[in-house]
Each structure stands twice: as C-alpha cells, then as structure tokens.
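What follows is each chain in one-letter form.
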Amino acid sequence: MKAAVFGATGYTGQLLCRLLCRHPEIDTILPVSSSRPGERLWEVDPGVAPGSAKLAAEGRLLTLEEAVAEKPAVVFSALPHLESARLCAPLVGRSVVVDLSADFRLRDRTAFERAYGTPPPHPELLDSAAYGLCEWNRESIRTSNLIANPGCYPTATLLALLPLAAAGLIEAAVHVTAISGISGAGRKVRAEYLYCERAESAGAYAPGRSHRHVAEMEEQLQRFDREASVLFVPHLAPMRKGMSVTAIVSLRAGVDDRRVEAAFQEAYSAAPCVSLRGGTIPQTADVRGTNRCDLAWRREGRSLMLFSVLDNLMKGASGQAVQNMNLRFGLGETTGLPLDSEI
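Described in the following lines is the structure provided in the data block. Computed from a prediction, not measured in an experiment: that's the story for all the values here.

How each quantity is defined
- By convention here, each chain's residues receive numbers from 1 onward along its written sequence.
- Side-chain atom pairs in this predicted model are given and counted only at pLDDT of 80 or more, local residue features only at pLDDT of at least 70, and totals for whole chains, interfaces and linings cover all residues.
- Computation of side-chain values covers all heavy atoms of the structure but excludes hydrogens and water.
- Working definition: helices are DSSP H or I runs of at least four residues, strands are E runs of at least two. Numbering for both runs from the N terminus.
- By definition in these notes, contact holds between two residues if any of their heavy atoms fall within 4.5 Å.
- Under the pairing criterion, centres of Phe, Tyr and Trp rings, with the six-membered ring standing for Trp, must be within 6.5 Å; the plane angle then separates stacked pairs below 30 degrees from edge-to-face pairs above 60, leaving the rest tilted.
- The classification of residues rests on relative accessible area computed with a 1.4 Å probe and restricted to protein chains. Under 20% of the type maximum is buried, over 50% is exposed, and intermediate values are partly exposed.
- Cavities and pockets are found on a 1 Å grid laid over the protein atoms alone: a cavity is a set of points where a 1.4 Å probe fits but cannot escape, a pocket is an open set with protein on both sides within 12 Å along at least five of seven lines, and a lining residue has an atom within 4 Å of such a point.
- Grid points are joined across faces, edges and corners, and a volume is the space filled by probe spheres set on the points.
- Whether two strands pair depends on DSSP finding at least two bridges between them.
- Lines fitted to C-alpha atoms define the axes, with helix axes restricted to the stretch in contact, and inter-axis angles between N-to-C directions lie between 0 and 180 degrees.
- Any angle that falls under 35 degrees is termed roughly parallel, while one over 145 is termed roughly antiparallel, one within 65 to 115 roughly perpendicular, and all others oblique.
- The handedness criterion is simple: a crossing whose near helix is rotated anticlockwise from the far helix by less than a right angle is left-handed, and one whose near helix is rotated clockwise is right-handed.

Quick look at the environment of Leu-276
- Within the secondary structure layout, Leu-276 lies in strand 11 (residues 274–276).
- Considering only alpha carbons, one finds Leu-276 and Asn-145, 131 residues apart in sequence, at a separation of 31 Å.
- Leu-276 has contacts with Phe-264, Gln-265, Tyr-268, Leu-295 and Trp-297, leaving out every residue within four places of it along the chain.

Here's the deal with the packing of aromatic side chains
- For the coordinates displayed, the defined rule picks out five aromatic pairs.
- For the ring pair Trp-136 and Phe-224, a centre distance of 5.9 Å and an interplane angle of 70° mean the geometry is edge-to-face. Linking Trp-136 in the loop between strand 5 (130–131) and helix 6 (138–143) with Phe-224 in the loop between helix 9 (213–221) and strand 9 (230–236), this pair joins segments that are 88 residues apart in sequence.
- Overall, the relative accessible area of 34% leaves Phe-224 in the partly exposed class.
- Taking the centre distance of 4.3 Å and the plane angle of 5° together, the rings of Phe-264 and Trp-297 count as stacked.

Observations concerning empty space enclosed by the protein
- Per the counting criterion, the structure on display carries one cavity of 30 Å³ or more.
- Volume-wise, the largest cavity comes out at about 60 Å³.
- As for the largest cavity, its lining consists of Ala-165, Ile-170, Ala-172, Val-174, Leu-221, Asp-225, Ala-228 and Ser-229.
- Per-element tally for the lining of the largest cavity: the top contributor is strand 7 (residues 170–180), with three residues.

Comments concerning the sheet that holds strand 7
- Read across the sheet, seven strands follow the order 8-9-7-10-13-12-11 without closing on themselves; strand pairing throughout is mixed. Sheet topology places strand 8 (203–204) and strand 11 at the edges, where each strand pairs with a single neighbour.
- Bridging between strand 12 (residues 293–300) and strand 13 (residues 303–310) involves eight bridges; their strand directions are antiparallel. The residue of strand 13 that forms the bridge with Arg-298 is Met-305.
- This element, helix 7 (residues 152–166), spans strand 7, strand 9, strand 10 (243–251), strand 11, strand 12 and strand 13 of the sheet and lies at about 140° to strand 13.

Notes on helix 9
- Judged by how many residues are buried, helix 9 sits mostly within the fold: nine of nine residues are covered.
- The complete set of buried residues in helix 9 reads His-213, Val-214, Ala-215, Glu-216, Met-217, Glu-218, Glu-219, Gln-220 and Leu-221.

Quick notes on the environment of Leu-251
- Turning to its location among the elements, Leu-251 is positioned in strand 10.
- Given a relative accessible area of 0%, Leu-251 falls into the buried group.
- Aside from chain neighbours lying at most four places away, what touches Leu-251 is Leu-169, Ile-170, Glu-171, Val-260, Arg-299, Arg-302 and Leu-304.

Focus on the packing of helix 7 against helix 9
- For the pair helix 7 and helix 9, interaxial distance at closest approach is 10 Å and the crossing angle is 25°. Taken together, the axes of helix 7 and helix 9 lie roughly parallel to each other. When the axes of helix 7 and helix 9 are compared, the crossing they make is right-handed. Side by side, helix 7 and helix 9 meet where Tyr-153, Pro-154, Thr-157, Leu-158, Leu-161, Leu-162 and Ala-165 of the first sit next to His-213, Glu-216, Met-217, Gln-220 and Leu-221 of the second.

Remarks on the pairing of strand 9
- Along strand 9, the buried face is formed by Val-230, Phe-232, Pro-234 and Leu-236; none of Leu-231, Val-233 and His-235, which line the opposite face, is buried.
- Pairing of strand 7 with strand 9 involves seven bridges; the strand directions are parallel. Note on strand 9: the bridge partner recorded for His-175 is Leu-231.
- Strand direction decides the pairing type here: strand 8 and strand 9, joined by two bridges, are antiparallel. The residue bridging Gly-203 from the neighbouring strand is Leu-236, located in strand 9.

Comments concerning unusual backbone geometry
- Even without being a glycine, Ala-57 presents a positive backbone phi close to 55°.
- Mapped onto the secondary structure, Ala-57 falls in the loop between helix 2 (41–44) and helix 3 (64–69).
- Accessibility expressed as a relative area gives 33% for Ala-57, which makes it partly exposed.

The following block contains the structure:
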C-alpha cells in the first residue's frame, strides 16, 4: 500500500515517516515537502535509516504533484491549519485522507470561526469527516474517506471524560489543567521555544476560551451532554514531549465508585491503546514513545479527579493517525504501533 505524507519535515511528519517505515502493510512511502523538495529524507531527518527500501524516488522529498501522481491509497496531511484543507480537499475520494490539522475537526462553523479567526476552509466536507478519536468513532472511521485526527490536548482530555459523560455521571463545568512538552507547539523558530527560554521554566498559556482546542473538546462532550463546558488551563513544561492532563468533575448525586469503574471498563475493555490504571497516577515517562493513553482516577466526596497521560507526538498526533489508517483499511488496530514505553 502506498502512503503519502504531506509536511514530512515537521515533527509529526517525520514521526509518521518513521512509523510507516516499520509498518508491515506499507510498501511505498511518498514524503512531501514544499520547502525542501529533492533533498533526501534521511538528510532532513537522520532518524530515518539511509536507503530505506520503502521510500519512493530513492528517498527524495517530493513535490505534492509528484506524490499525487503516484495515486497513494492514503494521504497523511501534517500541514498547518487552513493550508491543509486547501491541498487535501481535491484528494478526498481519490485517496483516504487523514488530516492532522484542525481544518475538519469542528462541524460547528461558528465555533471554528471563533477559534481560528476565519470560516472553515471547506465547509462542504465537514459533515462527511469522521472525527478520528479511534476509541469512540471506530465505525465512522472505517467507512470515511476523510478522517480528522484530533489534537493532543483533546485526545488526552476526551479519553478521560467521555466515559463519564456518555454514562450521564457528571454535572456542571469540567475543570482541566494540562501540561505539554514543547514539541506540542510544532517545529517553529520562535524565541519562546528556544532551550534557554524554556529550560527551568514552566507556566500557563492561552487559558480558558483563548485556547483553540476548547471548542473541539466541548463539541465532542456535547454529543452526550448539551450543557457540557470546559474550563481549560494548558501549561508548557521544559520537556521535549509528553502530555499530562488532570480533570476535575462533579459526580451526580448517588453515583458510587462501582458506576465510575463500570463506565471506564465498558468504554475501554476492548481498547488496546488505552490502559486503565485505577488509582495509580500515571506519569508521562510511562507512555513515552508509545501509542497508549494511560488513565487513572481518585475520588474525594462528589469530586472525581481524572489523570490522563500520553505522548503528544504519538497517541496525540502521528501514532493516532496510523491507528486511524489501520481502522479504515481493516488492519489490526495496533499494527505498526509500539505499546511499550521507551527505556
């Protein structure tokens, strides 16, 4: 099977290429870069072994036109918001498109414009896009030619909250504090992401509705609870990658521990990429380099504290994109994806 990767020189694009090099069902990889066409992929990303037989054109970074001419079965778009939809829209139906940008994640046009400052670039495609949170949308993913890969913050947050929301166990606003490694901001040359600026420094940024991902989280929660709202405070920490989310919810009167446990077991007993840790609080090191999200919870009165960790570049981006591809093409859900943490 042929797979194209648009934006192959960014963090998520590089990781996609590495994962696809190890994927047993991918025989040809078409790495695309508008900024560095003609260069060898392993020169841009030394983490890729030189001379990999799966790389097309002897490992050259291709133009978009060159990649499309090869008629890939699947296109992964790791391009910036708005640009991604512009380039991917003509390919929907010709290839399966897994889009890692936010362009197709929100069906509410008004919410998209409020979050991104412009109307959605291809609104005619929004209703046909499957929201690629694998554990909650397997059936729509299996039949869609356009899959909107969720963001890392929403993935970690929603996997913790949706079992409770779906079971009708929570009430009032949800309070979420999240910590991300710096790679979550993408491969940008900006002063605030330099080592000297971030080392020994952690802090909040874009709290509340000033963060774009709030609309994405609320839209998914409101599938089960029309009144659901999220008070979200993200932080950057001086680590390369990883994500830790702590959510605090109020349980409805009469909800006991057994019902909480049952909600999580029902949601994830057959989910190979979600690990339930019960009362053991997970750490980002537990999931580094894996496509897992580890979840735990503790109760104090009617308040329930939820703990969720994942690798923001894996389950929060590229790994989940491959998981979506696996579902769409009828492959084993974890094919080509590591579930054991790096040492």
